Every structure is written in C-alpha cells, then in structure tokens.
Amino acid sequence: MSDMIQRLRERRGNVWEQAKGLADKAAEENRAFSAEEQGTWDALNEELDKLDARIKSAIDTAQRSKDADAAFDRLSGGQGGSSGAGGQGGGQRQGGGQAGQAPQDQGELRAWMRGESGGRFFDVKPAGPIDFRSLTKGSATAGGNTVPTSFYDRLIAHLIQTSAILQSGATVLNTDSGETIQVPKTTAHSSGAIVTEGGTIGTSEPTFGQISLGAYKYGALIQVSRELLDDTGVDLEGYLAMQAGRALGNAFGAHAITGTGTGQPRGVVTDATTGVTGGTGVTGAFTSDNVIDLFFSVIAPYRRSTAAVWMMADSSIAALRKLKDSTGQYLWQPGLQAGAPDMILGKPVLMDPNVAAVALSAKALIFGDMSQYFVRLAGGGIRFERSDEFAFNSDMVTFRALMRADGALVDLTGAVKTFVGGAS
C-alpha cells in the first residue's frame, strides 16, 4: 500500500510540474493561455483532483487496515498475558484454554470472522436453525442510514445552442445612453461616362441615406429563497448571472437574425438580399453549385473582407458537409488548428440556431460581410443586479438582468446575401 501511495504522489508531482510550466511560460511572455494551452491546463488540473482523491482513498484504506489489525489483537486476547486463570479480562473462551495462547488463536479467529473456518468457536450446538441477517447499505434500516452522503460542489449546467451574431464580426457600437442615433450611409455612388468633344458632361451625384438605431430593453427576473441561497453548496449566484446573461443574449440574437424592425431590432436576414434561389422538387435543399453561386453573388470587396462569414443552422451544416464540387472534393474544410473555425470556400462557418432550417422558401444560408450589420448596446452592456428588499414579505432574494440593444444591416446594396429554398 505504501508503494502505491508513493507512486501516486510521484505522479502528482509530475502533473503539478507540467501545470506549473504552462503557467510560468504564459507569465514570462505576459500573455493569456492559448486555446490549446487552456485545454491542457484544464486537463492537468482535473488529473490533479483525481490523484488527490486516489491518494486520500489509499491513505484511508491503509489506516483502516491498521485499525482492523489492532482490533483483532484486542479481540483475540492480546492483553491476556496479565489475566488470571479465572478468566478475568475476557481471557477464557468457551472451548477451554487461555487467552494468552494468542498467536494460533488470533489466526483462527481472523479466519473465522472472514468465514473461512468451521464452527471451532461454537462449542454449543444450536437447538434450531440459525437465523442469519445481513446488514447492507442498500437498505436504510439495515445499515444504509450509517453511510454518509457526499456532495459534488460544482453545478453541472446543461449546454444550449447560442446566438453567433456577436461572434460574426458585426460592428458593435457601445453608448452610455440610449437615445436614438442615426448612422449615415451611402445608397448609390456617382458613375462616369464617355463625353464627346464639346459635349455636355452629365451629372451623377452619390445618394445618401441613414438608419436609426434605438435601444430595446431586454430583461429577466429570477427569485431565489433566502434558505437556498444561504445553504447551497455550489456557486449559485455565479451560475444565475451566467445563465441570465446568456438568456438576454439569445433573446437579442433571435431578433438580430430574423427581427422585423417593428418593436424589435431588424434582423440581418430581414434586410439581406437574395443571392441564389434553389431548385424545385427538392423541398428547399441546396446543391454544391448553389453554395458556390451564393459565394460569388456577394461582390468581391465584401467577399474578400475578413468579416465575411457563413451563418446557418446546425442541420444545414450537416447537409453542407456532405457536398462535393465538380472534382469530387468536399466544399467543407475543417479547421487545421485548435480553436480555428471550419471553412467553406476559405471563409469561416458559424452555427446560429435562429437561422431557418432547409425548407420550402426558407432563407437557410447567409453569406457576406457581417461588419455591415451594426449592433448598438446602450448603457454599458448587460447589468446583473440583486435586491434583498423587493420580495421582503416572502424573504426572497431577487436578481434581475437587463440589456438595451438594437441592430440593423446598414449596407443594403448587397454586402450580405441569402440562399432561398425553392418554392415547391
């Protein structure tokens, strides 16, 4: 047992040195962990936790073994050397003999208690059948009530799909207040033409427009009993803050994709123009040619932009990954480095659950320069606040999350295009 504990401790020392090396390297270079380093760091810390548990279990097992041996010694008469022949101190057993005869008796007693020997320690034959009763932890009254219950002090939060609009390269405007702001834009440029000698030069002025961005309020209210908040064994308040922020982000994210602009933000799909319409008789599905045509329906300056991305639902990604070009090569190009996005025709692919799935007349694919979609966040982003007085009469603690936001596609000349499934 001691050898195993030593090996576990040596393994823990090695793991600790690896984790320390990662942290030291990042500190020396004055930077945060890369995605790959963060994954390694998390794995090493998880292994340290497991090793600590195994070492503690091994130490506890060794101590229990020592305690059992000591109990055997006392039970089999280890103290009997000073006992008289009259059986004082428990030295006399039923079958005769003194407790001072410890070495042989101890071995036999241990074997008997393990169930490995016969009835040597029963000199009196029972008058009737013996009633055996088993103690098990599976039954509360038969021993289960003596087994302590452990509690894992981390809350396991289930995962959900989240909006990708703020990861897409959208232009984010942060303002302290929420009054309506106007974003000026061009809607047409001047055009030139050949002029004959002595001819009149035609006029061609650019045209301008503007788009208004307000601040729609998104909110969520959560009430928790004082008893739960005080007695919980996990970081409940931290979890509530995280999931409330995610809830507001998802509510805005849905509008940022398909919002109508009436009482809510205008979605990118609402304002984008159609790049490709799918064929009929395929229930809205797209082909590899449709995907390539959608890519080239966006003019080159926007297509080459670093903010040009694909956005689609998870089911559309599954369908697109199966498509091949005319040479038999898959359009899908997996990311080659940890944390790098997958690509289609050299542009990143983002999954957003708010984009429509493939269906008749559905806008299932989005491609374009997402920097032309403006997101306005007013008042410093998400506020997460606590009140101990709001529900004073029921002794509930109230948390609220608030966010003011708006969004709209500023460039309507074709910076972002969609694929629309066939109508039949």
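Predicted, not measured: the structure shown is a model, and the values here were computed from it.

Colleague: Could you give an account of the overall build of the protein, naming the residues involved and the relevant values?
Modeller: Helices and strands together make up the secondary structure of the protein, namely nine helices and 13 strands. Nonlocal contacts in the protein, meaning residues at least 24 apart in sequence, comprise 73% of its contacts between residues at least 6 apart. With the model as given, the accessible surface of the protein reaches about 25,800 Å², and the carbon-plus-sulfur share is 53%.

Colleague: Outline the pairing of strand β11 (residues 373-391), listing residues and values.
Modeller: Both strand β1 (residues 171-175) and β11 contribute to a ladder of five bridges, which runs parallel. For Thr175, the partnering residue across the bridge sits in β11 and is Ala378. Where β11 lies against strand β12 (residues 396-409), twelve bridges are found, and the strand directions are antiparallel. Bridge assignment links Phe384 to a residue of β12, and that residue is Ala401. The antiparallel hairpin formed by β11 and β12 contains four residues in its connecting segment, where Asp395 sits at a positive phi of about 55 degrees.

Colleague: An account of the sheet that holds β12 is needed here, citing residue identities and associated values.
Modeller: One open sheet holds the four strands; their spatial order is β1-β11-β12-β4, and the pairing between them is mixed. Whereas interior strands pair on both sides, the edge strands pair on one side only; in this sheet they are β1 and β4 (216-225). Each strand axis lies, on average, 25 degrees off the axis of its neighbour in the sheet, ignoring direction. Contacts from helix α5 (residues 236-258) reach β4, β11 and β12, with the element oriented near 150 degrees to β4.

Colleague: Requested: an account of the packing of aromatic side chains, with residues and values cited.
Modeller: Within a pair of aromatic rings, the relevant descriptors are the distance that separates the centres and the angle that separates the planes. A complete count under the given rule lists seven aromatic pairs for this structure. Seen from their ring centres, Phe295 and Trp310 are 6.3 Å apart, and the 15 degrees between their planes marks the pair as stacked. Here the residue Phe295 occupies a position in helix α7 (residues 288-297), and Trp310 occupies one in strand β6 (residues 308-312), the gap between them amounting to 15 residues. Comparing Phe295 with Trp310 shows no difference in burial state: the two are buried. Grouped by ring-pair contacts, the aromatic residues Phe295, Phe296, Trp310 and Phe367 constitute a single cluster.

Colleague: Pulling in residues and values, what's your account of the sheet that holds β6?
Modeller: Pairing in this open sheet of seven strands is mixed, and the strands run β5-β13-β10-β6-β9-β8-β7 from one edge to the other. Of all strands in the sheet, those with a lone pairing partner are β5 (273-277) and β7 (332-333), marking the two edges. Pairing between β6 and strand β9 (residues 347-351): three bridges, direction parallel. Considered in β9, the bridge of Trp310 is made with Val349.

Colleague: Tell me what's going on with the side chain of Thr398, and back it up with residues and numbers.
Modeller: Here Thr398 lies in strand β12. Note on Thr398: relative accessible area 5%, which makes it buried. Within polar-contact distance, the side chain of Thr398 engages the side chain of Gln223 at 3.1 Å. Apart from the residues within four sequence positions on either side, Thr398 is in contact with Leu221, Ile222, Gln223, Glu385, Arg386, Ser387, Phe390 and Ala391.

Colleague: So what's going on with the confidence of the model for the protein? Which residues, and what values?
Modeller: Keep in mind that low pLDDT regions are not for reading the predicted coordinates in detail. Averaged over every residue, the pLDDT of the protein is 81; residues scoring 70 or more account for 78%. Counting interchain partners and residues more than four positions distant, the pLDDT-below-50 stretch residues 79-101 has 22 contacts.

Colleague: How would you summarise the pairing of strand β13 (residues 416-420) if you had to cite specific residues and measurements?
Modeller: For β13, the buried fraction is high: five of the five residues fall into the buried class. Burial of β13 is two-sided: the residues Val416, Thr418 and Val420 facing one way and the residues Lys417 and Phe419 facing the other way are all buried. Here strand β10 (residues 363-369) pairs with β13 via five bridges, running antiparallel. Residue pairing across strands places Gly368 opposite Val416, the latter belonging to β13.

Colleague: Quick rundown of the environment of Glu47? Include the residues and the values.
Modeller: Structurally, Glu47 is set in helix α2 (residues 35-75). Along the sequence, Glu47 and Arg11 sit 36 residues apart, while their C-alpha atoms lie 9.9 Å from each other. Apart from the residues lying within four places of it in its own chain, the contact partners of Glu47 are Arg11 and Val15. A distance of 2.6 Å separates a polar atom in the side chain of Glu47 from a polar atom in the side chain of Arg11.

Colleague: Account for the nonpolar core, naming residues and giving values.
Modeller: One finds Val268, Val291, Trp310, Leu320 and Tyr373 to be the most contacted residues of the largest nonpolar core, which totals 55 residues. Among the elements that line this core, the one with the most residues is α5, at seven residues. Residues contacting Val268, with those up to four places away along its chain left out, are Ala256, Ile257, Ile366, Met370, Tyr373, Leu409 and Val416. With eight residues, the next largest nonpolar core counts Leu8, Leu22, Leu44 and Ile55 among its residues.

Colleague: I'd love a proper account of the pattern of salt bridges, names of residues and values included.
Modeller: Applying the stated criterion across every chain, the model contains ten salt bridges. With a closest N to O distance of 3.4 Å, Asp388 and Arg226 form a salt bridge. Of the two residues, Asp388 sits in strand β11 while Arg226 sits in helix α4 (residues 226-231), which places them 162 residues apart along the sequence. Exposure remark for Arg226: the relative accessible area of 23% places this residue in the partly exposed category. Here Arg383 makes a salt bridge to Glu385, at a shortest N to O gap of 3.2 Å. Through salt bridges that share partners, Arg226, Glu237, Arg386, Asp388 and Asp395 make up one connected network.

Criteria and thresholds
Residues numbered from 1 in each chain as written. Predicted model: local features only at pLDDT ≥ 70, side-chain atom pairs only at ≥ 80, totals over all residues. Heavy atoms only, no water. Helix = DSSP H or I, 4+ residues; strand = E, 2+ residues; numbered from the N terminus. Contact = heavy atoms within 4.5 Å. Areas by Shrake-Rupley, 256 points an atom, 1.4 Å probe, with all protein chains shown as cover. Pairing = 2+ DSSP bridges. Axes fitted to C-alpha atoms, helices over the stretch in contact; angles between N-to-C directions. Phe/Tyr/Trp six-rings, centres within 6.5 Å; stacked < 30°, edge-to-face > 60°. Buried < 20%, exposed > 50% of the residue type's maximum accessible area, 1.4 Å probe, protein only. Polar contact = N/O pair within 3.5 Å; in protein donor to acceptor, adjacent residues only side chain to side chain. pLDDT = per-residue confidence, 0-100. Core = buried A, V, L, I, M, F, W, Y, C linked by side-chain atoms within 4.5 Å. Salt bridge = Lys/Arg side-chain N within 4 Å of Asp/Glu carboxyl O.

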